[in-house]
Amino acid sequence: MAVNLDKPARWKADIAKSVDMYNDWFMTFAPQAFRSTRMQTTRDVESALHFTGNMTAVTPAVIRDHPDILPTLRMSTCPPLAVDRLIGLSGVSSNLVKSLELRKKLPSKMNSGLLDEDLQRIAAIIVKMADPDIFVWLGRKMQPDNDEIHRAATIVADRLCGAVANPIIRNAQEKRQLAAIKSWLEARGCRQLQNGEAVRFDSMPPGTFTFRMNVPVDLEGGVKRVNIPVDAVIMPGKSKNGALPVFFEAKSAGDFTNTNKRRKEEAMKMSQLRSTYGRNVRFNLFLCGYFDSGYLGYEAAEGIDWVWEHRIDDMALFGI
């Protein structure tokens, strides 16, 4: 039985309440989440400054020894450098830069001589473009004091956090959503699976749940099998042997544009789950924020149902 996907008459009111709930959370908790991340990032930047002699010794050796330092170096220039801009200016291998950025390590198969040359080019760009308004001690004989170093680290940290502000907020919101699901389930006698309980999604005991579980699905007509992550996997208390759990994906959004760009992601997961496990798969959304009628209609057409966080008790209608 459908819970919300077949009731478009109440979508408009739910959208308004969901937007209000997200905005209330954002105004209260988003600054705190951002500040917490900025504090940690500031400490990371201070460590990076220590490794580089406070930007007076940016060398290939430093990048070799601390490959995770590149984002800090990019945000230390005037103007700050995007990844592709650094690649273009330095003329280095895009594989090298993206390995440093994404995997925080040097590429394993790169020729050692070419690696040294490229690291030297990166270091030269950073040294040439280092922001003198942030690192006020560059070009003077007197060493920076602790206040100057901390101030510079805070500015660079702000730049780093500003570049990833949306993921910071999204991660904080997802943690809060999963905590809400956990609280609701435990209040009704459900038990969260503990770390180390070697249980597949389809052999979970009745009345249990877990978060961020990998579920194997078949691709390319069954030729290839991959794991897809699902945010919340719940085996209702009255489930029979062999029953499939109820899947929920926690989704939040701070604007309407983003959701319509991402709506195909859920449809793809639903398609993969159904093609592997049949039409009885129950894959649903747990929504908070800016999800308009266009988004809801798209998901409903794919057979994807949802629970609004502001009406979390609807989860009971899924037999949980």
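Note that the structure is a prediction, hence the values are computed from the model and not measured.

**Topic: the packing of helix 4 (residues 83-90) against helix 5 (residues 94-103)**
- Closest axis-to-axis distance for the helix 4/helix 5 pair is 10 Å, and the angle between their directions is 145°. Helix 4 and helix 5 meet at a crossing whose hand is right-handed. Facing helix 4, whose interface residues are Val83, Asp84 and Ile87, helix 5 presents Ser94, Val97, Lys98 and Glu101.
- Across the contact of helix 4 with helix 5, the residue classes break down as three nonpolar, one polar and three charged.

**Comments concerning the environment of aspartate 118**
- Topologically, aspartate 118 is positioned in helix 6 (residues 112-129).
- It is 54 Å that separates the C-alpha atoms of aspartate 118 and asparagine 280, two residues lying 162 residues apart in sequence.
- When neighbours within four sequence positions are excluded, aspartate 118 is seen to be in contact with Val92, Ser93, Leu96 and Met110.

**Things to note about the sheet that holds strand 2 (residues 208-219)**
- Strand order across the open sheet formed by six strands is 1-2-3-4-5-6, with mixed pairing between neighbours. At either end of the open sheet lies a strand with only one pairing partner, and these are strand 1 (191-192) and strand 6 (305-308).
- Two strands pair when backbone bridges link them, and strand 4 (residues 246-253) and strand 5 (residues 282-289) are joined in this way by eight bridges, in the parallel orientation. When the sheet's bridge partners are listed, phenylalanine 247 is paired in strand 5 with phenylalanine 283.
- Across the sheet, helix 1 (residues 11-51) is in contact with strand 4, strand 5 and strand 6; its angle to strand 5 comes to roughly 60°.
- Relative to the sheet, helix 10 (residues 293-301) contacts strand 4, strand 5 and strand 6, its axis offset from that of strand 5 by approximately 175°.

**Describing the pattern of salt bridges**
- If you walk through the whole model with that rule in mind, you get 18 salt bridges.
- With a closest N to O distance of 2.9 Å, aspartate 6 and lysine 7 form a salt bridge.
- By relative accessible area, which is 44% here, aspartate 6 ends up partly exposed.
- Where aspartate 131 meets arginine 159, a salt bridge forms, and the shortest distance between an N and an O atom there is 3.0 Å. Of this pair, aspartate 131 sits in the loop between helix 6 and helix 7 (146-163) while arginine 159 sits in helix 7; the two residues are 28 residues apart in sequence, bridging distant segments of the chain.
- Judged by its relative accessible area of 4%, aspartate 131 falls in the buried class.
- Here the salt bridges do not stand alone but share partners, grouping Asp14, Arg311 and Asp314 into one network.

**Observations regarding the environment of histidine 150**
- Examined against the element boundaries, histidine 150 turns out to sit in helix 7.
- Between the C-alpha atoms of histidine 150 and isoleucine 63, which are 87 residues apart in sequence, the distance is 22 Å.

**Regarding the packing of helix 5 against helix 6**
- Axis separation between helix 5 and helix 6 bottoms out at 10 Å; the angle between their running directions is 70°. With respect to helix 6, the element helix 5 is oriented roughly perpendicular. Here helix 5 contributes Leu96, Val97 and Leu100 to the contact with helix 6, which in turn contributes Leu115, Asp118, Leu119 and Ile122.
- In the contact of helix 5 with helix 6, the residues fall into six nonpolar, no polar and one charged.

**What about the side chain of asparagine 284?**
- Looking at the element boundaries, asparagine 284 is found in strand 5.
- With a relative accessible area of 4%, asparagine 284 lands in the buried category.
- The residues touching asparagine 284, leaving out its near neighbours within four places in the chain, are Val246, Phe247, Phe248, Glu249, Ile304, Asp305 and Phe318.

**Digging into the confidence of the model for the protein**
- Per-residue confidence for the protein gives a mean pLDDT of 91; residues scoring 70 or more make up 98%.
- Looking across the protein, the model is least confident in helix 9 (residues 256-277), with a mean pLDDT of 84, and most confident in strand 6, with 97.

The rules we used
Residues numbered from 1 in each chain as written. Predicted model: local features only at pLDDT ≥ 70, side-chain atom pairs only at ≥ 80, totals over all residues. Heavy atoms only, no water. Axes fitted to C-alpha atoms, helices over the stretch in contact; angles between N-to-C directions. Helix = DSSP H or I, 4+ residues; strand = E, 2+ residues; numbered from the N terminus. Left-handed = near helix turned anticlockwise from the far one by under 90°. Contact = heavy atoms within 4.5 Å. Nonpolar A, V, L, I, M, F, W, Y, C, P; charged D, E, K, R; others polar. Pairing = 2+ DSSP bridges. Salt bridge = Lys/Arg side-chain N within 4 Å of Asp/Glu carboxyl O. Buried < 20%, exposed > 50% of the residue type's maximum accessible area, 1.4 Å probe, protein only. Parallel < 35°, antiparallel > 145°, perpendicular 65-115°, else oblique. pLDDT = per-residue confidence, 0-100.

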